[in-house]
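Fold and geometry: a report
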Amino acid sequence: MTFSGTINGASALTASSTGTTTFNGPIGATNPLTSLTVTAPNIVLSNVTTTGAQQYNGSAFFNSTYTTNGGAFNVTGTTTVGSGTIITTGAGAVTLTGAVDSQATENNSLTINSSGTTTFGSTVGATQPLGAERDGKPDPVSPGTSITQAQWSPLPAGREHGRLGPDELRDRWDLRAG
């Protein structure tokens, strides 16, 4: 299923398909949706703004900004991070159930802005590392752990880093108690 244009409107949108679901235009850019639920094996979309929850039931490719204005943000499958991915939820929880990796052959950054709980259910960067810098924080985070705030920062240009798995999360995230 492919949505070719811009989608706006103060209502909920639910899309379900047995194949890849792609949104080629921005969603809620001028008039945010109240919520968005997409169920598909693979989901591709960018620039989504809702006043409530965003629920992605499947593996998702993110490539820009995702704003819920206080609603929850959930992905039940794997998450692939394209360039400049920013998730902002206000007090809404963020749950990334499957593995989180950068787009193939890239080291893209992921920023999560939330005063709610952020939960990673699997590895981060184990297959394709995300761009990040070490902050030296001693806070341990492993799959299944919840944290109250997280900030993922890109590496300076030209700086190399290794793959990021559960043991390295504590050194790659700026973690803050809520």
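See above for the structure.
Each helix and strand in the protein chain was counted, giving one helix and 17 strands. In the protein chain, which comprises 178 residues, the proportion classed as buried is 46%. Contacts in the protein chain between residues at least 24 apart in sequence constitute 34% of all its contacts with a sequence separation of at least 6. About 7400 Å² of surface is accessible on the protein chain, with carbon and sulfur atoms providing 49% of the total.

All right, on to the sheet that holds strand E13 (residues 110-114) then. Adjacent strands of a sheet form backbone hydrogen bonds with each other and so pair up, either parallel or antiparallel. Ordered by their spatial adjacency, four strands build an open sheet running E5-E7-E10-E13, and the pairing between neighbours is parallel. The open sheet has two edge strands, strand E5 (48-49) and E13, and neither has a second partner. Pairing of E5 with strand E7 (residues 65-67) involves two bridges; the strand directions are parallel. Bridging from a neighbouring strand, valine 48 pairs with tyrosine 66 of E7.

The tally for this structure, following the rule as stated, stands at six aromatic pairs. Judged by centre distance (5.4 Å) and plane angle (65°), the rings of tyrosine 56 and phenylalanine 62 are edge-to-face. Grouped by ring-pair contacts, the aromatic residues Tyr56, Phe62, Tyr66 and Phe73 constitute a single cluster.

Here asparagine 24 shows up in the loop between strand E3 (21-23) and strand E4 (35-45). Measuring from C-alpha to C-alpha, the distance between asparagine 24 and leucine 45 comes to 6.6 Å, with 21 residues separating the pair along the chain. Sequence-distant contacts of asparagine 24, that is, excluding residues within four places in its chain, are made with Thr2, Phe3 and Ser4.

Attention shifts here to the nonpolar core. Ranked by size, the top nonpolar core spans 28 residues in total, and within it Leu36, Leu45, Tyr56, Phe73 and Leu96 carry the most contacts. Listed by contribution, the elements that provide at least two residues to this core are strand E2 (12-16), E4, strand E6 (54-62), strand E8 (73-75), strand E11 (94-96) and E13. The element best represented in this core is E4, accounting for five residues. Residues within four places of leucine 96 in sequence aside, it is in contact with Phe73, Val75, Thr79, Leu110, Ile112, Thr119, Phe120 and Gly121.

Moving on, we get to unusual backbone geometry. You will see that asparagine 47, though not glycine, has its phi angle at about 55°, which is positive. Turning to its location among the elements, asparagine 47 is positioned in the loop between E4 and E5. For threonine 105, which is not glycine, the phi dihedral falls at a positive 65°. Relative to the elements of secondary structure, threonine 105 occurs in the loop between strand E12 (100-102) and E13.

One ladder, built from five bridges, connects E2 with E4; its direction is parallel. In the sheet register, leucine 13 faces E4, and the bridge partner there is leucine 36. Of the pairings in the sheet, the one linking E4 to E6 comprises eight bridges and is parallel in character. Across the sheet, residue leucine 36 finds its bridge partner in E6, namely glutamine 54.

This part takes up the environment of valine 94. By the element assignment, valine 94 lies in strand E11. Counting along the chain gives 41 residues from valine 94 to alanine 53, while the straight-line C-alpha distance between them is 10.0 Å. Residues within four places of valine 94 in sequence aside, it is in contact with Phe73, Ile87, Thr89, Ile112, Ser114, Thr117, Thr118 and Thr119.

This part is about the side chain of serine 102. By secondary structure assignment, the location of serine 102 is in strand E12. The class of serine 102 is buried, set by a relative accessible area of 3%. Separated by 3.0 Å, the side chain of serine 102 and the backbone oxygen of glutamate 106 make a polar contact. At 2.7 Å, the side chain of serine 102 and the backbone nitrogen of asparagine 108 are in polar contact. Contact partners of serine 102, with chain neighbours within four places excluded, come to Thr80, Val81, Asn107, Asn108, Gln128, Pro129 and Leu130.

Rules and cut-offs
Residues numbered from 1 in each chain as written. Predicted model: local features only at pLDDT ≥ 70, side-chain atom pairs only at ≥ 80, totals over all residues. Heavy atoms only, no water. Helix = DSSP H or I, 4+ residues; strand = E, 2+ residues; numbered from the N terminus. Buried < 20%, exposed > 50% of the residue type's maximum accessible area, 1.4 Å probe, protein only. Contact = heavy atoms within 4.5 Å. Areas by Shrake-Rupley, 256 points an atom, 1.4 Å probe, with all protein chains shown as cover. Pairing = 2+ DSSP bridges. Phe/Tyr/Trp six-rings, centres within 6.5 Å; stacked < 30°, edge-to-face > 60°. Core = buried A, V, L, I, M, F, W, Y, C linked by side-chain atoms within 4.5 Å. Polar contact = N/O pair within 3.5 Å; in protein donor to acceptor, adjacent residues only side chain to side chain.

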